[in-house]
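Summary of the model geometry
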Amino acid sequence: SSEIIFIIAAALGRILVLPPEQPMYLLRNDGSKKHRGLDEFFDMEGGYYRERVRFMTMEQFIAKEGIHGGQFPVPADKMKDVLSASRVCNPTRKVMNWKSEGSPSCEIIHDYLVQYAVTANITATHHECLVFDAGMYNKGVPENPQSAKEFCDSGKRK
C-alpha cells in the first residue's frame, strides 16, 4: 500500500517519486476530474508529513534526472512522450494508440524506468500465497520449497 511506501521512504531518508496522475477505479467516472494523484488522498503538503517524507512528482524527477547528464537520461527522441506521460497517464492504454486522443500510456514511464531498474524475478505457483524467507530474499529461491508449498496449501495463513 502507499502508506507502507511512505514509511519506507521516511525510514530510509529517501526521496519518494510520486507516480503520474491516472484514472483510479470508480473515481475515473467523476466528470469533474478523471485523473488523480496520491497527493489528493494524503496531506502531503502538511508540515507533519513534509518533516518526515521528502517527495517529488514524476515530472520533477524526469526534469532533474532524465536530462542529458542526469543520473537516468531519457533518450532525446523519447523525451517529449516521457514528459507527457510523467504528468498524466492511462494504465490501460497501449503506447501506440494514445497520440490520437486522451492521455498517454503509463507504459511509456514503465519502459523508461525499466532501463535503469533491477527487478527480482519472483514467481509463485500459488497466486494467493508468496513466501519471502531468507533464501527468497537473498537468492530468489525459497530455502525450503516443500515447506513453503505446505504452508501455502494448508490454508493456515493470515
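First things first, this report covers the structure right here in the doc. (Residues numbered from 1 in each chain as written. Predicted model: local features only at pLDDT ≥ 70, side-chain atom pairs only at ≥ 80, totals over all residues. Heavy atoms only, no water.)

1. Some points on the layout of surface pockets
Estimates place the volume of the largest pocket at around 460 Å³. Surrounding the largest pocket, 14 residues form its lining, Arg-14, Ile-15, Val-17, Phe-61 and Phe-72 being those nearest its centre. Of all the secondary-structure elements, those providing two or more residues to the lining of the largest pocket are strand 1 (15–18), helix 3 (58–65) and helix 5 (107–114). Its residues placed into classes, the lining of the largest pocket shows ten nonpolar, one polar and three charged. (1 Å grid on protein atoms, 1.4 Å probe; cavity = no way out; pocket = protein on both sides within 12 Å on 5 of 7 lines; lining within 4 Å. Points joined across faces, edges and corners; volume = space filled by probe spheres on them. Helix = DSSP H or I, 4+ residues; strand = E, 2+ residues; numbered from the N terminus. Nonpolar A, V, L, I, M, F, W, Y, C, P; charged D, E, K, R; others polar.)

2. Structural notes on the pairing of strand 1
Of the two faces of strand 1, the one holding Leu-16 and Leu-18 is buried and the one holding Ile-15 and Val-17 is not buried anywhere. Looking at chain direction, strand 1 and strand 4 (residues 54–57) are connected through four bridges and run parallel. In the strand pairing of strand 4, Ile-15 is matched with Arg-54. (Buried < 20%, exposed > 50% of the residue type's maximum accessible area, 1.4 Å probe, protein only. Pairing = 2+ DSSP bridges.)

3. Section: the environment of Ile-15
Looking at the element boundaries, Ile-15 is found in strand 1. Take Ile-15: its relative accessible area is 38%, and that puts it in the partly exposed class. In sequence terms Ile-15 and Met-56 are 41 residues apart; their C-alpha atoms lie 7.2 Å from each other. Sequence-distant contacts of Ile-15, defined by excluding residues within four places in its chain, comprise Arg-54, Phe-55 and Met-56. (Contact = heavy atoms within 4.5 Å.)

Function cannot be read off these values alone, since they describe shape.
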